[in-house]
Amino acid sequence: MFFYYCDLAWRSIRKTPMLSMLMVLAISIGIGITITTLNVYKTMSYNPAGDRSEVINSVQLWSQGLDTWDEFSSNMTYTDAMNLRNNNELSFKAATFRTGLAMQSDNPKIEPVLQSVRVTDRDFFKIFSVPFLYGSYWDVSVDERPAYQVVISQKLNLRFFEGKNSVGKTVFLDRKPYQIVGVIEDWNPQPKYYDPLNGAFNDAEEIFIPFSLTAQEEFDVWGNTSGWKFEPMLTYNDRLLSEKVWIQFWTELSNQEQKQSYLAWLTRYVEQQRTMGRFTDSAKTPSELVQISHVEKWLEDNNVVPKDTRILVGLSLLFLSVCLVNILGLLLTKFLKRAPEVGVRRAIGASRGQIFSQYMVEVSMIGFIGGVVGLLWAFGSLTALHAYFEVDQSLIGLDMSMWFITPLIAISTAVIAGIYPAWVVCRTKPSVYLKAQ
Amino acid sequence: MLSMKNINKVFKTDLVETHALRDFNLEVNEGEFVAVTGPSGSGKTTFLNIAGLLEGFTTGEFSLDGVNVSNLSDNHSAKVRNEKIGFIFQGFNLIPDLNLAENVEVPLRYRGMNASERKRRVESALEQVGLGARMKHLPTQLSGGQQQRVAIARALAGEPRFLLADEPTGNLDSLMARQVMELLENINQQGTTIIMVTHDPELARRAQRNIQIVDGQVCDFSMYQPAATGTR
């Protein structure tokens, strides 16, 4: 009977093209808007750390003075970063910040490129499970004794070395020679959770160099630097010794025990720093001045999904419900117009259930068509967002799951809207219409 | 075959109670051709709707084929209508979007019959009413008489035990009415019980039995004194 109902539904849709088109339009616009906002929300709220979300932790210290900032900063000072790096209790830890350098090779035919660069420790690659195509990260000794080594992306490797294994070769970063120790595969976590402050939806860096080079090379900071008191910054050393915060610090803590142990260590660290005149917020105890956040919390604390986006999702669902009410009205009109036909069908043997099923198949078909058109709307809206409002590319890709979810939402919407009209029409008393016809 | 005992049908509104049938009694035997006549508003259509399980009744007893059908569920009523009863209406009541074959096929679909059996029955029914060559035509492409023949074919395709016809010739001219009537007589001769509501006394006379409904009751002809006979 299902195929019979499908055939009847298709005929009915074709018989009243204008009304059907209005319904498809109502569903598709509602679905298009909902899917657009849902897609943006889903992309923004995705946790790329997956099952390692609890294991990867950001360390935050309340190094600001009394009556200054009222929340933990996502960054820390160079002094703290260096001290935390030197703590041997942790298996994996990485200080990191973003800079920018011009990259070129020996080959004069390949033009230099100005690249965003991640300055970090070797554990960064382990903590964030960065996949390697060739070679690996630099040796552990490089984190202690600076060496001009670099890890580059597959894309840069293709540009500079035609995709061949470039490990051992030299590239120049701001005209200084760096030896390539590894080439990573395409890796671009979205949101860019290891540094959401510098554009949560920016692409990942394609060059990685040792953090130990920072003091020596005086890398510019391509990111946020925040201070809570006036400090003259005449030299790079002033920056390194200042209370300005600009470095993220990540660790890997496998279980709750490790977390507690590390928090205790951090508390002792703060107590020790207080004796040296730092961590001057006397309103808080040392244990209140330390925080470790797993990825989920980190993303939330950094407002990767702004409140506005959540409100927008709510509004779009509200809009969809308005569309649903409109469809309900249109369906009621359409179905009641066919009550005489229902009367005939009921008279010659159709049960209420069969009539109800027939009309539910019809609304499902309208919903499905609306869903497909809605997907096109969503695709068009996302493209327009990218084109006219410079929304980040990563946010406008229609998530694969949406291609399946959208028709389901559309069909569900249509079915919800269709239940009442189908129920009304299936309860038609055949005798009322048989004589009237 | 059809037995109605003391059937009452009352339509109620907030202000008025209308007795469409009162203490209605009727027995129809298998193979009979019964014509039901009566003035407008006498309850003919209400009787037919109850007989066809399209409507319930207020009190009384109704059995069909020896089975009490007074309190059937909606599903069960639909099944009985589909399997035992064929309907023919004054307005033909064909589904305009479906061609003739598809129209005739509708009750068989609801019976869950397989495609080959449906095809056989549809062809046979349309052949029987003389429209075998026009299976792909739409109802709007046919005359009134032809449309009524399609409606008859639709009723016949289900091989019903009895046919209920409500003014089957009411919308037809006399020639076409005669043709439809001949068709119904043929069907009856093949064993199908027919109950036909009509206003036309000439058609009523062609039936084997004639009952008249007045004010929701079957008129008792035993009390009727055929005074006019004596003056002829």
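Residues numbered from 1 in each chain as written. Chains lettered and ligands numbered in written order. Predicted model: local features only at pLDDT ≥ 70, side-chain atom pairs only at ≥ 80, totals over all residues.

- For chain B, the name recorded in an unreviewed UniProt entry is Phosphonate ABC transporter ATP-binding protein, with Shewanella inventionis as its organism.

- Where an unreviewed UniProt entry is consulted, chain A appears under the name ABC macrolide family export system permease 2, with the organism given as Shewanella inventionis.
- Chain A has a UniProt comment under Subcellular location (unreviewed entry) that states "Cell membrane". (UniProt positions renumbered as here; feature names shortened; annotations may be inferred.)

**Some remarks on the overall build of chain B**
Link 1 in the chain: The secondary structure content of chain B amounts to 8 helices and 10 strands.
Link 2 in the chain: Put simply, chain B has 232 residues, and 45% of those count as buried. (Helix = DSSP H or I, 4+ residues; strand = E, 2+ residues; numbered from the N terminus. Buried ≥ 20, exposed ≤ 12 C-beta atoms within 10 Å, placed from the backbone.)

**Observations concerning the nonpolar core**
Link 1 in the chain: Within the largest apolar cluster, 66 residues are counted, with the highest numbers of intra-cluster contacts made by V104, L126, A153, L164, I194, I195 and M196 of chain B.
Link 2 in the chain: It is helix α5 (residues 144–157) of chain B that contributes the most residues to this core, 7 residues altogether.
Link 3 in the chain: The contacts of I195 of chain B, once residues within four sequence positions are left out, are V28, V34, V36, A51, F162 and L164 of chain B.
Link 4 in the chain: Listed in part, the 59 residues of the second largest apolar core include L101, M103, Y137 and I152 of chain A. (Core = buried A, V, L, I, M, F, W, Y, C linked by C-beta atoms within 7 Å. Contact = placed C-beta atoms within 7 Å.)

**Things to note about the pairing of strand β1 (residues 2–12) of chain B**
Residues and elements named next belong to chain B.
Link 1 in the chain: Strand direction decides the pairing type here: β1 and strand β4 (residues 59–64), joined by 5 bridges, are antiparallel. The residue bridging S3 from the neighbouring strand is S63, located in β4.
Link 2 in the chain: In this sheet, strand β2 (residues 17–28) lies alongside β1 in antiparallel orientation, the contact comprising 8 bridges. Counterpart to F11 in the pairing with β2 is T18.
Link 3 in the chain: Hairpin geometry of β1 and β2 is characterised by an intervening segment of 4 residues between the two adjacent antiparallel strands. (Pairing = 2+ DSSP bridges.)

**Examining the interface of chain B and chain A**
Link 1 in the chain: Listed per partner, the contact involves 21 residues of chain B and 20 residues of chain A.
Link 2 in the chain: Residue assignment for the side of chain B that touches chain A shows that the elements contributing at least two residues are α1 (44–51), α2 (74–84) and α3 (100–110) of chain B.

**Looking at the packing of α3 of chain B against helix α4 (residues 115–128) of chain B**
Residues and elements named next belong to chain B.
Link 1 in the chain: Taken N-terminus to C-terminus, the directions of α3 and α4 make an angle of 120°; their axes are 9 Å apart at the nearest point. Here α3 lies oblique to α4, going by the angle between them. Here the hand of the crossing between α3 and α4 comes out right-handed. Between α3 and α4, the residues in contact are L100, A101, V104, E105 and L108 and R118, R121, V122, A125 and L126, respectively.
Link 2 in the chain: When the residues that make up the contact of α3 with α4 are grouped by side-chain class, the tally is 7 nonpolar, no polar and 3 charged. (Axes fitted to C-alpha atoms, helices over the stretch in contact; angles between N-to-C directions. Parallel < 35°, antiparallel > 145°, perpendicular 65-115°, else oblique. Left-handed = near helix turned anticlockwise from the far one by under 90°. Nonpolar A, V, L, I, M, F, W, Y, C, P; charged D, E, K, R; others polar.)

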